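The residues making up each chain are set out below.
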Amino acid sequence: MKKRRLAGVVLLLAAVLSSCGIKKTEEQQPASPKTERITVGFSQVGSESDWRMASTASIQDAFADSPYTLLFNDGQQKQENQIKAIREFIDQDVDYIILDPCVETGWDSALMEAKEAGIPVIVIDREVSVEDESLYTAWIGSDFYLEGQRAMKWLESYLQKENYEEPLNLVGIQGTIGATAQIGRSRALEEAAAAHDNWTLLEEQTGDYTEAKGKEVMEEYLRKYKDEIQVVYCENDNEAYGAIDAIREAGKKVGMKIKDGEILVLSFDATHGGLQLTMEGKIAVNTECSPLYGKRLVRMIDEMEQGELPEHHTYIEEGQFSNYSGIRAIWVVDNSYLVTRVTEELLEEREY
Ligand code: GZL
């Protein structure tokens, strides 16, 4: 049991005994507990993308300004590393664990061990799929399926605005297979392709959210499909960087003039580099996925330290960006979402 909690029990026992007139002699009075800093173990997916680095920086910076000690572990995109880190945090008897899970499944036993050790787990960003949802105290992250729907609605609107009704061939460069972000974004692409008679989803392959793999996959697509590709759906900015390089090296152009043979690139994350390319029209639309969890997490732990239980499932607000002025908003089901034009000023203001 955490020394801090043990001290609390001893104090309570002493209070009960003295209230029954059972005086403990001086030497038996428990020493006043040394208040230890609250420690928080953070198991991060890895360092695979600009988004990930921004997520890590946001959390490390926020905890550096907090009364809490953060123990950080980079999982290098491997679940076994993250499970090992969770077990090490349990052995170190941390007060809280934060987990950004590389994939959704396979967490039940590690989270059960944390529960049995009395350590609350906060899951961020991607989700865990577990039998018993009480294995984690709270999840806060993005609605990845909605992100993908927003990207697809933008593409639909764009094609309508441009009166493009010819056949449209798309390829998908997916994120890490099994990650919540990949599951949601890929589902939106596949559903949209199936819903349009003139759209054909030629192929999807994982780019693992990295620039190198994104480029490799795009090179293979270009070899295979030659001039047939009109749209590339990149599930994060780093994959888009790689895909754009491959398209350029193949002597083709990225842009929005599909009728002139340009290849239209969609991306996610809205990182600084991704928004720069969006402002230049090289990424047609960039759907935001905010990595800024740090301050929220410190506030969440502040509240939990006061005995307040956070919401179990919280979605964060996210934007969408383009340099195409013809679409100011898109609608998904009954909700409208603004599309913001990227300007130098906007880039200046961005936190990541
Ligand atoms: C999504 C996040 C994804 C980003 C990628 O919330 O998990 O992982 O979209 C990152 O850039 O690698």
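The rules behind the values
Residues numbered from 1 in each chain as written. Predicted model: local features only at pLDDT ≥ 70, side-chain atom pairs only at ≥ 80, totals over all residues. Heavy atoms only, no water. Pairing = 2+ DSSP bridges. Helix = DSSP H or I, 4+ residues; strand = E, 2+ residues; numbered from the N terminus. Contact = heavy atoms within 4.5 Å. Axes fitted to C-alpha atoms, helices over the stretch in contact; angles between N-to-C directions. Parallel < 35°, antiparallel > 145°, perpendicular 65-115°, else oblique. Buried < 20%, exposed > 50% of the residue type's maximum accessible area, 1.4 Å probe, protein only. Near = heavy atom within 4 Å. Polar contact = N/O pair within 3.5 Å; in protein donor to acceptor, adjacent residues only side chain to side chain. Areas by Shrake-Rupley, 256 points an atom, 1.4 Å probe, with all protein chains shown as cover. Nonpolar A, V, L, I, M, F, W, Y, C, P; charged D, E, K, R; others polar. Domains from an automatic or database assignment. Phe/Tyr/Trp six-rings, centres within 6.5 Å; stacked < 30°, edge-to-face > 60°. Buried area = accessible area lost by both parts, 1.4 Å probe. Salt bridge = Lys/Arg side-chain N within 4 Å of Asp/Glu carboxyl O. Expected span 1.5 Å × (residues − 1). Arc of directions from axis to C-beta.

Caption draft 1: Examining the sheet that holds strand β8 (residues 231–234) more closely. Taken together, seven strands build an open sheet; the order of strands is β7-β6-β8-β9-β10-β12-β15 and the sheet is mixed. Each end of this open sheet is capped by a strand with a single partner; those strands are β7 (199–206) and β15 (340–341). Two elements, strand β6 (residues 168–174) and β8, share four bridges in a ladder whose sense is parallel. Bridging from a neighbouring strand, Ile173 pairs with Cys234 of β8. This element, helix α5 (residues 144–161), spans β6, β7, β8, β9 (264–269), β10 (285–288) and β12 (320–322) of the sheet and lies at about 155° to β9.

Caption draft 2: View of the packing of helix α3 (residues 79–91) against helix α4 (residues 108–116). It is at 10 Å that the axes of α3 and α4 come closest, and there the two elements cross at 10°. Of the possible angle classes, the one that applies to α3 and α4 is roughly parallel. For the pair α3 and α4, the contacting residues are Ile83, Ile86, Arg87 and Ile90 in the first and Ser109, Ala110, Glu113 and Ala114 in the second.

Caption draft 3: Region of interest: the sheet that holds strand β5 (residues 138–141). Pairing is parallel in the open sheet, where six strands are placed in the order β2-β1-β3-β4-β5-β11. A single partner strand is all that each edge strand has here, and the edge strands are β2 (69–74) and β11 (313–315). The average angle at which neighbouring strand axes cross in this sheet is 15°, direction not considered. Judged from the six bridges that link them, strand β1 (residues 39–44) and β2 form a sheet pairing that is parallel. In the sheet register, Ser43 faces β2, and the bridge partner there is Asn73.

Caption draft 4: How the structure looks around the side chain of Gln182. Looking at where Gln182 falls in the secondary structure, it is placed in helix α6 (residues 180–195). Relative accessible area serves as the criterion here: at 8%, Gln182 is assigned to the buried category. The contacts of Gln182, once residues within four sequence positions are left out, are Gln174, Gly175, Thr176, Ile177, Arg187, Tyr209 and Glu235.

Caption draft 5: Looking closely at the site of the ligand. In the neighbourhood of the ligand, 13 residues make up the surrounding shell, with Glu48, Asp125, Arg126, Arg185 and Asp269 lying closest. Within the side chain of Asp125, an N or O atom sits 2.2 Å from an oxygen atom of the ligand. Contact with the protein chains covers 100% of the free accessible surface of the ligand, which is 320 Å². When contributions to the shell around the ligand are tallied by element, the ones reaching two or more residues are α2 (50–64) and α6. Grouping the amino acids of the shell around the ligand by side-chain chemistry returns five nonpolar, two polar and six charged. Mapped onto the domain boundaries, the shell around the ligand takes at least three residues apiece from domain 1 (37–142 + 291–315) and domain 2 (144–289 + 319–349).

Caption draft 6: Summary view of the packing of aromatic side chains. Scanning all chains against the criterion turns up eight aromatic pairs. Their ring planes at 55° and their centres at 6.5 Å tell us that Phe63 and Tyr68 sit as a pair that is tilted. One exposure class covers both Phe63 and Tyr68, and it is buried. On the numbers, 5.4 Å between centres and 85° between planes, the contact of Trp139 with Tyr315 is edge-to-face.

Caption draft 7: Expanded view of the domain arrangement of the chain. What the domain assignment lists for the chain is domain 1 (37–142 + 291–315) and domain 2 (144–289 + 319–349). A straight line from the C-alpha centre of domain 1 to that of domain 2 covers 30 Å. Listed per partner, the contact involves 13 residues of domain 1 and 17 residues of domain 2. Buried area between domain 1 and domain 2, summed over both chains or domains, comes out near 1200 Å², and the portion from carbon and sulfur atoms is 52%. For the domain 1 face of the interface with domain 2, the top three residues by lost area are Trp51, Arg126 and Ser142, together amounting to 38%. Applying the counting rule to domain 1 against domain 2 returns zero salt bridges. At the surface where domain 1 touches domain 2, the tally comes to nine residue pairs in polar contact (both at pLDDT 80 or more). Looking at the side of domain 1 that touches domain 2, its residues break down into four nonpolar, three polar and six charged.

Caption draft 8: A look at the pattern of salt bridges. Under the criterion given, the structure shown has 19 salt bridges. Asp227 is paired through a salt bridge with Lys252; the nearest N and O atoms lie 2.3 Å apart. Of this pair, Asp227 sits in the loop between α7 (211–225) and β8 while Lys252 is found in the loop between α8 (237–249) and β9, placing the two residues 25 residues apart along the sequence. Salt bridges sharing common partners tie together Glu48, Arg52, Asp100, Asp125 and Arg126.

Caption draft 9: Inspection of α3 at higher detail. Its 13 residues place the ends of α3 18 Å apart at the C-alpha level, agreeing with the 18 Å of an ideal helix rising 1.5 Å per residue. Every buried residue of α3 is listed here: Gln79, Gln82, Ile83, Ala85, Ile86, Phe89 and Ile90. Projected onto a plane normal to the axis of α3, the buried residues spread over an arc of 155° and lie on a single side. Within α3, the exposed residues directed more than 90 degrees away from the buried face are Glu80, Lys84 and Asp91. Where the residues of α3 are buried, they touch β1, β2, β3 (96–99) and α4. Where α3 terminates, the next one or two residues include Asp93, which has phi positive at roughly 55°.

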